[in-house]
Amino acid sequence: MHDTKQISLGKQITYQILLLFITFVVMFPILWVVGMSFNASNSARPKEIIPSSISIEAYQKVMVQPTANPVTFAQLAMNSLLLAAGVAFCSVLIGVGAAYVFSRFKFTGREILMMAVVTVLMLPSIATVAPLFVLLNSVKIELGDISFNLRNSLFGVGLAMISGTLPFAIWNLKGYLDTIPKDLEEAALIDGANFNQVFFMIILPLARPALAVTFFLGFLSGWTEFALSWQFLTQPKNFTLAMALWNMTGQYSGDTKWSSFAAMSILLSVPVAVVYLMLQRQIVGGLTVGGVK
Amino acid sequence: MTVSLNKNETLERPSDFQAWWNRTSKNRIIYMYLFPSFFVMSLITFYPLLYEVWMSFTDYGIQNLRADSAPPNFVGMKNYLDIFSGGLAAKVPNFNFLALLTFNLVWTFSNVIVHVVAGVLIAVLLDADGLWGKGIYRTIFVLPMVIPSLVIAVVWRNMFDPTAGSINAALASIGGLVGLPAKMFEIRWMEQTSYPIPGIPLTLSFFAVLIANIWLGWPFMTIVATGALQSIPKDLYEAASMDGATPVQQFFNITVPMIRPAMVPAAMYGLIATFNQFNVIYFISQGGPLRKTEIMVTTAFRLVNEQRLYGMAAAFSVLVFLVLLGLTLVTNRITKATESYDA
């Protein structure tokens, strides 16, 4: 198969120049933010693209208290982690059953129910902020000493998020399950396995990569969720990393040093970027299945 | 009515029921598997959506938020009429629905066209046989996809800063090579209201968010195109070049038709995703200046978050939904129409 002719040297050089230019364009913002995060300059907004002296002071500062709000980095990270993991876990756990029967069986109402899921998928989550805000705002939770407004809590933001991530999880999982051959299930049914046994002992183990990818995509949207948390949460103890990052950038950033903002950007990105790189192949495959999300 | 008949019935019913019960046992278990999803979605997805439609016919505002406050007034189609006529513009300066929708579509198509063209061309470059550093390039080019778009957006926002941003700094150092003063490159990307290209009513901030979103969007198309390119049999090109086809002819007559089935669904996904690209607009240009780069989702969010007109926001969201429904129906039709190309 390797008898195809290789490109000529002239072409090779032209291609390399083009690709190096694209590499420069891709790396420019990344190098700028990495350089900024290590910049030891006293200036709040250093101009140089490559820092003249380097320190990890910005990281040390951000790791303690990134914004003017009385909330530590650990608290912010814990809130983001709880929100992201909770949303992802619930979506996958609740959605996988529906995804399985949509993928494998014909039954009365299948088309209508699938249509309902796809229709919701089309809506951006921001289009439902108004009713979710109003409805969750009207719920007061009283548990002994604990009393809080559901809207003004991470739990409420999580519920509002699941409203969008659950239909996505169902659809995404269905897309993956469609690609798993049916032979094993049929063999198991002939051997006398019942419906639940097939699902728990054959489908779930086979679908493990799909479950992992769907969990990760849910985690990613929770980890970087902004609009709902920004609208719902008013107490700094509930704030998330994404909210803090905007507090360090937007009109409320005040005199936040750009080195701190850059360090925060990197601390927020690195964990999810590493996992994304590992799952990249499956994620891209899933997004293009059938042309719908 | 005789006793015996009744007796017969009571005798037969359990067996009828048993038969029905057995016959439907598979359906029952199917609905049991559906129940968790649809129960949760009914509560937190479908009910809020119906509630949103109801809200869109009321003047729901901040005065109705308290638990003991009076219910909002029913105002019929007023919110919708206000959106289309000047009613909302009185509360939200520079709001114009038609201009907003037009800009949203211009934003979407200008992005996706560049994403697809750049994505395919770069994929073709990377597919060349014997290219040095192929693996390194592929790893680097995926970076814009793996970094959260929220972070990318805030980083670009600061890069476009007129005095300390790296874009102006880079432009100034390039300009310095040909003797242009650095003062020339204190470009106010986000505030300049005049149109940089005469005759095209798009602000400099549009080009700034376009640049940022192109940076963000093309790698996805390259990855999809790379997958499709690798499935093209190499002998097609060999046969074509033996017949004297130039590389450009080969590209348009072999490559393009062969990767089209993969690229069309990816482009349709890109259209919907870009139409709703909240992060890039909200964080970089913030819709400015004068709301000239606002798109529909950022407007919907501002109606809730800044204006606090919940009823109006609901009506606006219903319109967003209808526009998206139209867009999806069109894209699905295009996807279906091109499906047969597989053969």
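Above this text sits the structure in question.
Quick notes on the rules
- Residues numbered from 1 in each chain as written.
- Chains lettered and ligands numbered in written order.
- Predicted model: local features only at pLDDT ≥ 70, side-chain atom pairs only at ≥ 80, totals over all residues.
- Heavy atoms only, no water.
- Contact = heavy atoms within 4.5 Å.
- Buried area = accessible area lost by both parts, 1.4 Å probe.
- Salt bridge = Lys/Arg side-chain N within 4 Å of Asp/Glu carboxyl O.
- Polar contact = N/O pair within 3.5 Å; in protein donor to acceptor, adjacent residues only side chain to side chain.
- Helix = DSSP H or I, 4+ residues; strand = E, 2+ residues; numbered from the N terminus.
- Nonpolar A, V, L, I, M, F, W, Y, C, P; charged D, E, K, R; others polar.
- Core = buried A, V, L, I, M, F, W, Y, C linked by side-chain atoms within 4.5 Å.
- Buried < 20%, exposed > 50% of the residue type's maximum accessible area, 1.4 Å probe, protein only.
- Domains from an automatic or database assignment.
- Phe/Tyr/Trp six-rings, centres within 6.5 Å; stacked < 30°, edge-to-face > 60°.

## Some thoughts on the interface of chain A and chain B
No. 1: Listed by partner, the interface residues are 90 residues for chain A and 85 residues for chain B.
No. 2: Surface buried jointly by chain A and chain B totals about 8000 Å² across both partners, of which 77% is contributed by carbon and sulfur atoms.
No. 3: Connecting chain A to chain B are 1 salt bridge.
No. 4: Across the pair Arg45 of chain A and Asp161 of chain B runs a salt bridge, and its minimum N-O distance is 2.9 Å.
No. 5: The tally of links between chain A and chain B comes to 17 residue pairs in polar contact (both at pLDDT 80 or more).
No. 6: For the side of chain A that touches chain B, the leading source of residues is helix α1 (residues 9–37) of chain A, giving 17 residues.
No. 7: Here the residues of the side of chain A that touches chain B are counted per class, giving 63 nonpolar, 23 polar and 4 charged.

## Re the nonpolar core
No. 1: Counting 201 residues, the largest nonpolar core has Tyr100 of chain A together with Phe141 and Phe316 of chain B as the members making the most contacts within it.
No. 2: The leading source of residues in this core is helix α10 (residues 204–230) of chain B, at 16 residues.
No. 3: Among the domains, domain 1 (1–45) and domain 2 (78–162 + 188–342) of chain B are the pair contributing at least three residues each to this core.
No. 4: Once residues within four sequence positions are removed from consideration, Phe141 of chain B is found in contact with Leu19, Ile22, Thr23 and Val26 of chain A together with Ile122, Leu126, Trp218 and Pro219 of chain B.
No. 5: By size, the runner-up hydrophobic cluster in this structure holds 5 residues, among which are Val112, Ala267, Met268 and Leu271 of chain B.

## Thoughts on the packing of aromatic side chains
All names here are of chain A.
No. 1: With the rule as written, the count across this model stands at 48 aromatic pairs over all chains.
No. 2: For the ring pair Phe199 and Phe200, a centre distance of 5.0 Å and an interplane angle of 80° mean the geometry is edge-to-face.
No. 3: Here Phe226 and Trp230 contribute two aromatic rings whose centre-to-centre distance is 5.1 Å and whose plane-to-plane angle is 25°, an arrangement assigned as stacked.
No. 4: For Trp230, a relative accessible area of 16% gives the class buried.

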